[in-house]
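# Structural overview
Residues per chain are reported as follows:
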Amino acid sequence: MSRLPVSSSKRVLTSSSSSSENGQDFAPAQKKLRKDPEPVRPRAAATIIGSKRPAVAASRALVLILSCFLHALSFVVSSGVLKQSIASTAAKGGNIKQPVAPAGAKAGGGGANKRHAWDLKGKVSDMEGKIRNYQTKYKSINQENEELKGTMIQSQTRVNQMEKELEMQRSQISEYEDELHALAGVRNELEKVSSEKNTLQKELSNLEGKYKVMETLRDSQETELQTLKMKLSVQESTLARLQGTLRDTEEEVRSLKETVSQQKDDLHAGEMERRRLHNTIQELKGNIRVFCRVRPLVDGGLSKHIQLPASDDKTITLAKTEESHTGKTADTHKNYNFSFDRVFGPTASQQEVFEEISLLVQSALDGYNVCCFAYGQTGSGKTYTMEGDEFDRTRGVIPRAVTQIFRAAEKLGAQGWEFNFTASFVEIYNETLRDLLYTGKASKRPEHEIRKLSNSEVTISNLTYEKVSNEDQVLGLIALANQNRSTAQTAQNDRSSRSHSVFQLDIEGVNAGRDVKCKSTLCLVDLAGSERMLKSQSQGERFKEMTAINGSLSNLGIVISALANKESYVPYRNSKLTYLLQGCLGGNSKTLMFVNIAPEPDSFGETLNSLRFASKVNDCVIGTASANRK
Ligand code: ADP
Ligand code: MG
């Protein structure tokens, strides 16, 4: 398309160069063409020629131009302009070709310039030659023009085609652009999708990792599951077997329970029977018993005047040798024989002694009141027998009895028994009561009175009754009692030897399941020294003390005798001691009297007195026992 104006201009230039052969006449036309700014102009001219004017009109115009040209030429010739022009061209030595002279002209002398002025004919013939020349040229130009027109039309058609194509391509481009735009959207979306894909891929790889872990886990769990299943099936079969066993066992348990309950009944019946039999034995032994215990000498051994037959543990002989005053007669020997339920020699241990008492302690747990006294002169071993020392081996009756009671109560607990224990510790001095478990101020120490309740139980007003459940508590109470006693005594006045100390343990037992109850009191009494003082030494306070001690001790003997003889009147009220202990004496109660003997020869008199006192009690008991046997 752009080539068209160029080719057109070339042709115009060619035509102008060829027209320049004819001098300056064509110069204006050439200038006009060169000045044309529009490259399309030649095409437009061609179009005008081609489309609006027919070829005949064109040739007429050319003839007109030629006639004008001829007129102008004649003017030039006449005025000599042409001559000048040719001369100047020749002078410049230009390459302008000489116009081809017609054959006639050549014959006429070889050139126009050489024609004579008059040779108009020649000139005309030259002109005609020229015209022919021009005509030929015109024809060729025309032909060329036609060709150009054809080319032009072709070009136009091509242009149109190309324009259409262009249009099509434009529309296609716009389509492409649209498509491109759409594709840009798609690309964005694609980018988004791809980033999403990346994220998802990461997630996927993450999940894949997790999945692998889960798979491993699942595998291990599956293995475990299999193991568990196997175990389960094993256990199920075991369970089934066990269920069978359980049924059998349950049946067995049922029958065993029946047996147990039967045996419990039997046991209870046995326990009651044991109590009855035990009591029968105790009664046969005597509800009132007397034991004699001889203390060893300070350096061990025994004095000659006390004889304990090796074959017998029930008799004691007190031998007295009286020297002849004159020396002429033989010394007189006098033996005092005594027999008791049991005689313990100086080597008898605390344990041995307790074994005999433990039967009575059992009676206390079975619901019988038990009273145990230690009688004897001061220093004969009463306190040692009742309390003993703190060491295990030398512990006395009270701690051992307490131990036995707590142990037995625990055993009976298995048979449905429940026990409550209450302890009290009282001192009777000069017929007045004193609480040995009192912990208040000395100045506020209360007075006490013995009261008999409607159920014939005896209680002491303002006394400390301490609930106890183990041996240590009781040992603590014994220590407290000893402390209370020692604060009351002075160096000159060994009060403990002139007062009775009474330890009481109230026992209450309940067997709720069998609706059985028992209640009893265990009394352990450390009596005041039984020694008699010379009347000359007994004055003032001492006399009062002595009277009180003698009174209560002899009354104790009377009461026991009365009880043993089942006398209708028992003088309990005659002393505080018997009044306090009246519930524990008599009836089904068990009474044990220890007569403690000091082995020193100078205690002979007191020993004899003690043995006589005890023997009197014992004689009564034997009498009672005989009566029971009848
Ligand atoms: P009482 O209480 O009758 O006054 P004690 O019990 O205080 O007499 O005894 C006086 C002393 O004799 C104490 O030192 C005691 O340890 C000791 N004694 C008493 N009986 C025995 C015995 N059976 N064996 C060893 N020592 C004893
Ligand atoms: Mg004592």
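Residues numbered from 1 in each chain as written. Chains lettered and ligands numbered in written order. Predicted model: local features only at pLDDT ≥ 70, side-chain atom pairs only at ≥ 80, totals over all residues. Heavy atoms only, no water.

### What to know about the UniProt feature "binding site: ATP" (unreviewed entry) in the protein
On the UniProt side, "binding site: ATP" (unreviewed entry) is annotated at positions that read G376, Q377, T378, G379, S380, G381, K382 and T383 here. What makes G379 partly exposed here is its relative accessible area of 46%. Discounting residues that sit within four places of it in the chain, G379 has contacts with R295 and A598. Among the secondary structure elements, G381 is positioned in the loop between β6 (370-376) and α9 (382-386). In this structure G381 comes out as buried when scored by relative accessible area, which is 16%. Contacts of G381, omitting those with residues within four sequence positions, involve R295 and N596. (UniProt positions renumbered as here; feature names shortened; annotations may be inferred. Buried < 20%, exposed > 50% of the residue type's maximum accessible area, 1.4 Å probe, protein only. Contact = heavy atoms within 4.5 Å. Helix = DSSP H or I, 4+ residues; strand = E, 2+ residues; numbered from the N terminus.)

### Description of the pairing of strand β7 (residues 417-429)
Burial within β7 is extensive, with eleven of its 13 residues counted as buried. Here β7 runs beside strand β12 (residues 499-511); their pairing, made up of 13 bridges, is antiparallel. Within the sheet, the bridge partner assigned to F421 lies in β12 and is I507. Judged from the four bridges that link them, β7 and strand β8 (residues 432-435) form a sheet pairing that is antiparallel. Bridging across to β8, Y429 finds its partner in T432. Counting the residues that bridge the hairpin from β7 to β8 gives two residues, and of these N430 lies at a positive phi of roughly 50°. (Pairing = 2+ DSSP bridges.)

### Thoughts on the nonpolar core
Ranked by size, the top nonpolar core spans 50 residues in total, and within it C292, I316, F340, F373 and L581 carry the most contacts. Setting aside residues no more than four positions away along its own chain, C292 makes contact with I316, F340, R342, V343, F344, V595, I597 and L611. Counting 44 residues, the second largest nonpolar core, distinct from the first, contains F291, A401, W417 and F421. (Core = buried A, V, L, I, M, F, W, Y, C linked by side-chain atoms within 4.5 Å.)

### Details of the packing of helix α7 (residues 120-285) against helix α8 (residues 350-365)
Viewed as axis vectors pointing N to C, α7 and α8 meet at an angle of 130°, and their least axial separation amounts to 10 Å. Accordingly, the angle class assigned to the pair α7 and α8 is oblique. Handedness of the α7/α8 crossing: left-handed. For the pair α7 and α8, the contacting residues are R274, R275, H278, Q282 and K285 in the first and E356, L359, L360, Q362, S363 and L365 in the second. (Axes fitted to C-alpha atoms, helices over the stretch in contact; angles between N-to-C directions. Parallel < 35°, antiparallel > 145°, perpendicular 65-115°, else oblique. Left-handed = near helix turned anticlockwise from the far one by under 90°.)

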